[in-house]
Amino acid sequence: MKNKFIDFQQHLYHEVDDENKAEEHLDGVLPYIGLVVMYFNSLESWLDSVLCENFTDRSDSQGLIVLNKLNYSAKVDLLKRFCDDFQIGSNCTLNGYEQIITNLNECGRLRNMIVHANWETTDAEGYAYIKLKMSKKGMKQEYVQFTEDSMEKVISLIIKTRIDLWEFWEHRNDVLHGR
């Protein structure tokens, strides 16, 4: 996905030159938003299951009590802390650990970007307003270009991460049980 930044002027304003072309672009991209949400929710559910299993494999209730009010990034952080503790305690390295944490974080970042984008600001090139960035150099409006291809890549990453998470956890269980 490409980004562009526009200097903030007096008002938060989003110029859409060719509304028909923008509408056409949106028609192609909108179905992907639902797929991102659906697959991401499935990924988060897998993450919940993995975390619950860390507490006990008899019931998810203890894990769910802990996870109840946690957001996604806090759950990823909890998984990281469990894995760090496991590696220190067992004096072994879990293969794929850093990559799965990286991918889980990236899935969350991309999902948030897509879900919280102001889709009505999409222009003819597919750029939608994401957020206002503030720095010592001033304020800039950030736009991200969402294309069908980029949305398919996000969905593929989410699906791959869900599969990799499960395989990673199975590997961790094999190490735990000496298999």
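Novice: Go over the overall build of the protein chain, please, and point to the residues and values.
Specialist: Within the protein chain one finds five helices and three strands. For the protein chain, the succession of helices and strands along the chain, N to C, is β-α-α-α-α-β-β-α. In terms of overall dimensions, the protein chain is more spread out than a globule: its C-alpha atoms have a radius of gyration of 20 Å, far above the 16 Å expected for 179 residues. Expressed as lengths along the three principal axes of its C-alpha atoms, the size of the protein chain is roughly 60 × 40 × 30 Å. Expressed as a percentage of its 179 residues, the buried residues of the protein chain come to 38%. Within the protein chain, residue pairs in contact and separated by at least 24 positions form 73% of the contacts whose partners lie at least 6 positions apart. Positive and negative side-chain charges in the protein chain, numbering 20 and 29 respectively, have mean positions lying 7 Å apart.

Novice: Break down the pairing of strand 2 (residues 127-135) for me, citing the residues and quoting the values.
Specialist: Side-chain direction in a regular strand flips from residue to residue, so the side chains alternate between the two faces of the sheet. Relative to strand 3 (residues 138-145), strand 2 runs antiparallel, the two being bridged by eight bridges. Its bridge partner being in strand 3, L132 is matched across the sheet by Q141. Counted between consecutive antiparallel strands, the loop separating strand 2 from strand 3 contains two residues.

Novice: Which residues make up the pattern of salt bridges, and what values do they have?
Specialist: Close approach of charged atoms allows side chains of opposite charge to pair. Tallied over the full model, the rule gives nine salt bridges. With a shortest N-O distance of 3.0 Å, E44 and K75 are connected by a salt bridge. Here the residue E44 occupies a position in helix 1 (residues 19-55), and K75 occupies one in helix 3 (residues 72-90), the gap between them amounting to 31 residues. The same class applies to E44 and to K75, which are both buried. The shortest N-O distance in the salt bridge between E106 and R109 comes to 2.8 Å.

Definitions and limits used
Residues numbered from 1 in each chain as written. Predicted model: local features only at pLDDT ≥ 70, side-chain atom pairs only at ≥ 80, totals over all residues. Heavy atoms only, no water. Helix = DSSP H or I, 4+ residues; strand = E, 2+ residues; numbered from the N terminus. Rg over C-alpha atoms; globule rule 2.2 N^0.38 Å. Buried < 20%, exposed > 50% of the residue type's maximum accessible area, 1.4 Å probe, protein only. Contact = heavy atoms within 4.5 Å. Lys, Arg positive; Asp, Glu negative; His and termini not counted. Charge placed at Lys NZ, Arg CZ, Asp CG, Glu CD. Pairing = 2+ DSSP bridges. Salt bridge = Lys/Arg side-chain N within 4 Å of Asp/Glu carboxyl O.

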